[in-house]
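# Structural description and commentary
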Amino acid sequence: MNLGLVNKTALVLGASRGLGAAIAAGLAREGATVYAAARSVEKVETWRIDLPEDAGPVLPCAVDLSDLKSIDGLVDDLLEKGGVDILINNTGGPPSCTVLDATRSDWLSQFETMAANIFHLTGRLLPAMQARKWGRIITLTSSGVEQPIPRLALSNGIRSAIVGWSKTLADEVAADGVTVNILLPGRIHTQRVDELDAIAARRSEKSQADIAAASATSIPARRYGRPEEFGDVAVFLASERASYITGSKIRVDGGAIRGV
Ligand code: NAD
């Protein structure tokens, strides 16, 4: 299947590792030009070196998603170059905590970085997509928006707001050829998942391997997902071929979410 991604330009946020890196690499493999945004741009090299010679160019660019000035600097640069066709909204995950432990300031600071700043960045990049009558906005959230995950109160709450934002935006720009979708990772094996398993292990005085094994057993597929499996879904959604999918939440979870 020709995904029609050659000659498309993408901005991938949080591209230094994990799911962001897998999506950025997948888009480049399909020939797209990829701006790989990260706080530490040198980390982009850790995966860029493995790309085949015929991959599209990967251009590392610095951004700190907690800093509005840094975001506006990146957007100004990209708009000067004509903007992007594809935007992958991926942020770091918030710290693990219960609702009872989360403070007002935790909610505000995490909402700013994970939601308000992403809404702002998207709003600035959208008009160029609308003018071209083609665009893809894909935002990563979590399976926790459908089945809240214990001790991930900030993630469950803030990401549910992001789903409402995405669905509302999808309706507003569908007629302009811009699709807006949400991806729900279940448990995809990245450093973040290892870190969360390590926290759970310390809390329960079990080994991290035991926590990971129990977690994998609870998933119908009986394993964690691979970042490339997740990246492939994002690449398809970003492609020409996914032109009639908008306003959707797409699970990539090996069946982990129990509801239909
Ligand atoms: P990760 O922690 O491995 O990667 C997050 C990326 O975001 C990193 O590149 C990190 O450097 C970057 N980042 C963090 N804070 C930033 C900031 N202020 N400015 C710029 N970049 C910043 O996480 P991941 O596993 O790749 O997951 C990506 C997102 O999806 C996270 O928000 C995570 O919570 C969420 N998620 C992941 C899973 C999973 O199974 N991996 C499941 C549910 C939700």
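Residues numbered from 1 in each chain as written. Predicted model: local features only at pLDDT ≥ 70, side-chain atom pairs only at ≥ 80, totals over all residues. Heavy atoms only, no water.

## Some thoughts on the layout of surface pockets
Its volume calculated, the second largest pocket comes out at about 400 Å³. If you go around the second largest pocket, you meet 19 residues; those closest to its centre are A21, A22, A25, R29 and E228. Of all the secondary-structure elements, those providing two or more residues to the lining of the second largest pocket are α1 (18-29), α2 (45-48) and α8 (227-238). Per element, the largest residue contribution to the lining of the second largest pocket is six residues, and it comes from α1. Classifying every residue of the lining of the second largest pocket gives eight nonpolar, five polar and six charged. (1 Å grid on protein atoms, 1.4 Å probe; cavity = no way out; pocket = protein on both sides within 12 Å on 5 of 7 lines; lining within 4 Å. Points joined across faces, edges and corners; volume = space filled by probe spheres on them. Helix = DSSP H or I, 4+ residues; strand = E, 2+ residues; numbered from the N terminus. Nonpolar A, V, L, I, M, F, W, Y, C, P; charged D, E, K, R; others polar.)

## Here we look at the pattern of salt bridges
Considering all chains together, one arrives at eleven salt bridges under this definition. With its nearest N and O atoms 2.7 Å apart, the salt bridge here joins R48 to E45. Here R48 pairs with E45, and both are found in helix α2, just three residues apart, close to one helical turn. Residue E45 is classed as partly exposed on the basis of its relative accessible area of 33%. (Salt bridge = Lys/Arg side-chain N within 4 Å of Asp/Glu carboxyl O. Buried < 20%, exposed > 50% of the residue type's maximum accessible area, 1.4 Å probe, protein only.)

## A few points about unusual backbone geometry
One non-glycine residue, N7, lies in positive phi territory at about 75°. Mapped onto the secondary structure, N7 falls in the segment before β1 (9-12). Positive phi, close to 60°, is recorded for R222, a residue that is not glycine. In this fold, R222 is placed in the loop between α7 (208-217) and α8. Residue R222 is classed as exposed on the basis of its relative accessible area of 53%.

## Concerning the packing of aromatic side chains
Using the criterion set out here, one finds two aromatic pairs in the structure. Measuring from centroid to centroid gives 4.5 Å for F119 and W165, while their planes differ by 20°, and the two rings are stacked. Linking F119 in helix α4 (residues 104-132) with W165 in helix α5 (residues 153-173), this pair joins segments that are 46 residues apart in sequence. Grouped by ring-pair contacts, the aromatic residues F111, F119 and W165 constitute a single cluster. Between K8 and the ring centre of W134, over which it is positioned, the NZ or CZ distance is 4.1 Å. Cation over ring: R136 sits above W134, and NZ or CZ is 4.1 Å from the ring centre. (Phe/Tyr/Trp six-rings, centres within 6.5 Å; stacked < 30°, edge-to-face > 60°. Lys NZ or Arg CZ within 6 Å of the ring centre and 35° of its normal.)

## Considerations on the domain arrangement of the protein
Examined at the domain level, the protein breaks down into domain 1 (9-188 + 227-251) and domain 2 (189-224). Here the C-alpha centre of domain 2 lies 25 Å away from the C-alpha centre of domain 1. At the interface, twelve residues of domain 1 touch 13 residues of domain 2. Overall, the association of domain 1 and domain 2 removes approximately 1,100 Å² of surface from exposure, summing both partners, and the carbon and sulfur fraction of that is 46%. When the buried area of domain 1 at its contact with domain 2 is split by residue, R17, R187 and I188 rank highest and sum to 55% of it. The tally of links from domain 1 across to domain 2 stands at three salt bridges. Residues E229 and R223 are paired through a salt bridge, measuring 2.8 Å at the closest nitrogen-oxygen approach. (Domains from an automatic or database assignment. Contact = heavy atoms within 4.5 Å. Buried area = accessible area lost by both parts, 1.4 Å probe.)

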